[in-house]
Amino acid sequence: MPTIPLEDSFSDIVGKTQRGLKLSDDQLAAQAGISVAELSRVKGGEANEPLLRKLAAVLKLGADTLVDSANKAWFPEPVAVAGLKQFNTVYEDMTVNYYLAWDAKAKQAVVFDTGADCGPALQFAKANGLTIKLILITHTHIDHIVDLARLKAETGAPAWVGQGENFADAQPFAEGKNFTVGSLKIETRQTSGHAAGGITFVIRGLERPVAVVGDAIFAGSMGGGMISFAEALENNRKKIFTLPDNTVLCPGHGPLTTVGEEKAHNPFYPEFQTSLTKKEKSMAERIGVVGVGRMGANMARRLKECGYPVTAVYDVRAQSANEIAKEIGAEACTALSRVTELSDVIITVVTDDKAMDAIFTGKKDSLLKGAKGRVFINCATVSPKTHIAVEKLAKKAGAASLEACMASSINQAREGTLYLMVGGDEAVFKKVKPLLTKLSDEGKLLRYIGKAGQAGIVKALVNMVMNINTAGLAEGLAVGQAYGIDLKMLMEVFSQTGANSRVLVTDGEDMMNRDHSCFFSASHAAKDSGIALKLGVEKKMNLPLGTATFKQYTKMVKEGLGELDKSGIAELTFKGRHKSKKK
């Protein structure tokens, strides 16, 4: 991404806040204990630290970050995301940004705003074989939509805008509407205040989360509260700063930044800077990760970005370990005991009970060799009995063990928004809770369940119900298709009735489009349904729906479909799709 100057200076920040709070020069100067002449010099660009600190106290700005802005002591770290392109255009005396995001596999793209000239985006799309399928508008201030008519005419793509903008040249939508372009999922969050119906578009499906924010936020500043300064501040807090810290922010002016950078450096949000002073206290632990497939590798990346020293990785596939180790600066260990030697906390993400047993009980090599004082956080979905057994083994070795079962997928691991269910000694949980919060949306998605094995039971039941819902959705859509029902319409009806479920959002379109890119495999679904069924059998219970779903996913594995996503169960139900192997 190109490097462009910050949009606002410290004097812009002071002026925007003064206007937003509706303070006259006389009022602001009096409350700050300075003269009107001194205030005028600051607003004219004089970087006077004592005056700035006095003004910050009245304006409720971060004093240190405002001084940093005056001294030009901060600029966001350069960031680039594969599948995202920023374009800079000149409109009158302003540089205005707009953006193109795309799915490299499907070759489908979406444009956010147009700036003064959509030509560069059209040329880039043509050069890279991309089809622009959608135009999304953050807000309708003229500098952001100058070239909308041309972009619509040359692409034939529909344009959408938040309904609060009351704009005739694009289709209106309400906050919460989701858009899809290829594999990209785009969530809408209303961030009005600068504009009447301003929208932030949150993109998931790229290598890290991205939010196109329009003029809601700038690097080190924010858009002026032209509609409502208070509303703009509060919407940014609730709708943007609640995103994961590694979310890339794409503003309408100025350089790219991230949520984490803005928490640390944006003077408008001093509450985050106060809390960040505690950050380093929780990050002394050295982290090891065993099992660095897609989930484990993304967890390692996330913790590294949060400031944790990820020192060691291990995988039975040496190439996987070598690749992530090189990327994050860890050692690719060839022995499990070496991971333990280099780490204080070891996260394990393995496939099943057998793999779990192997890493903790191997006669020649084991994580428990030299494990005294270590904490093991085991994230795989394995039988509750295995979690209980590992805890006993760890205690015998002078170590501690927790189960941290995950009810999320690859993107959430990368974003730090995993839903984590934790079982084990509560004192151990409290010890490593600061680390777990960085994987679970700052702890919002973190749940302590109880003693060892309890979280494993809950996770098995979560997956059993999820798999039943997935199988049921596949059958409902398959019957609908067989009768010639439009599946998009059918899914819309499902979403508004008792047929609604989370899997309708995650799997419905994939079933319809036969896109079964793997986020949670059918083989894992079969394994997890099997774990839940065994729990029922132990209590002498009859689980007909769980049994039927287990049989369907087991059939997928036998039919060679086990590495498809769980949505691939639709291949067994839609007429004319999968031809079963001969018995």
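Residues numbered from 1 in each chain as written. Predicted model: local features only at pLDDT ≥ 70, side-chain atom pairs only at ≥ 80, totals over all residues. Heavy atoms only, no water.

Student: I tried to follow the environment of Glu271 on my own but got confused; where do I start?
Tutor: Its place among the elements puts Glu271 in helix α11 (residues 270-276). With a relative accessible area of 33%, Glu271 lands in the partly exposed category. For Glu271 and Gly62, which are 209 residues apart along the polypeptide, the C-alpha to C-alpha distance reads 8.1 Å. (Helix = DSSP H or I, 4+ residues; strand = E, 2+ residues; numbered from the N terminus. Buried < 20%, exposed > 50% of the residue type's maximum accessible area, 1.4 Å probe, protein only.)

Student: What's the story with a nonpolar patch on the surface in this structure? I'm lost.
Tutor: The grouping of Val479, Tyr483, Ile485, Met489 and Val493 at the surface amounts to a nonpolar patch, some 500 Å² of accessible area in total. Take Val493: it is sitting in helix α20 (residues 487-495). (Patch = residues over 30% accessible without salt bridge, like charges linked within 9 Å, V, L, I, M, F, W, Y side chains within 5 Å. Areas by Shrake-Rupley, 256 points an atom, 1.4 Å probe, with all protein chains shown as cover. Salt bridge = Lys/Arg side-chain N within 4 Å of Asp/Glu carboxyl O.)

Student: Can you help me understand the environment of Gly562 in this one?
Tutor: If you trace the backbone, Gly562 turns up in the segment after α23 (544-558). Taking the C-alpha atoms as reference, Gly562 lies 32 Å from Val345; in sequence the two are 217 residues apart. In this view, Gly562 contacts Ser521, Ala522, Ser523, Met556 and Val557; residues no more than four positions away in its chain are not counted. (Contact = heavy atoms within 4.5 Å.)

Student: Sorry if this is basic, but what is going on with the nonpolar core here?
Tutor: General note: in soluble globular proteins, nonpolar side chains tend to be found buried as a group. Membership of the largest hydrophobic core comes to 39 residues, with the highest contact counts inside it found for Ile287, Met299, Val313, Ile347, Ile377, Leu435 and Leu436. Leave out the neighbours within four places in its chain, and Val313 touches Val289, Val292, Ala321, Ile324, Ala325, Ile328, Ala330, Glu331, Ala332, Cys333 and Val339. Membership of the second largest hydrophobic core comes to 37 residues, among which are Leu51, Leu52, Ala56 and Leu59. (Core = buried A, V, L, I, M, F, W, Y, C linked by side-chain atoms within 4.5 Å.)

Student: Honestly, the sheet that holds strand β1 (residues 84-91) in this entry has me stumped. Any pointers?
Tutor: Here we have six strands laid out as an open sheet, ordered β1-β2-β3-β4-β5-β6, and mixed in their pairing. Edge positions in the sheet fall to β1 and β6 (171-173), since each of these pairs with one other strand and no more. Strand after strand, the sheet turns through a mean of 25° between neighbouring axes, direction not considered. By the bridge criterion, eight bridges tie β1 to strand β2 (residues 94-103) in an arrangement that is antiparallel. (Pairing = 2+ DSSP bridges. Axes fitted to C-alpha atoms, helices over the stretch in contact; angles between N-to-C directions.)

Student: Hey, could you run me through the side chain of Thr114 in this one?
Tutor: Mapped onto the secondary structure, Thr114 falls in the loop between β3 (108-112) and α6 (119-127). Here Thr114 is in contact with Tyr98, His144, Ile145, Val146, Asp147, Leu148 and Leu151, once residues within four sequence places are set aside.

Student: Just checking my understanding: could you explain the packing of helix α3 (residues 36-43) against helix α4 (residues 49-59) for this structure?
Tutor: To describe two helices that pack against each other, one gives the angle between their axes and the distance between the axes. Packing of α3 against α4 brings their axes to within 11 Å, and their N-to-C directions diverge by 100°. Considering the angle they form, α3 stands roughly perpendicular to α4. Contact residues: Glu38, Leu39 and Val42 in α3; Leu51, Leu52 and Leu55 in α4. The residue makeup of the contact of α3 with α4, split by class, is five nonpolar, no polar and one charged. (Parallel < 35°, antiparallel > 145°, perpendicular 65-115°, else oblique. Nonpolar A, V, L, I, M, F, W, Y, C, P; charged D, E, K, R; others polar.)

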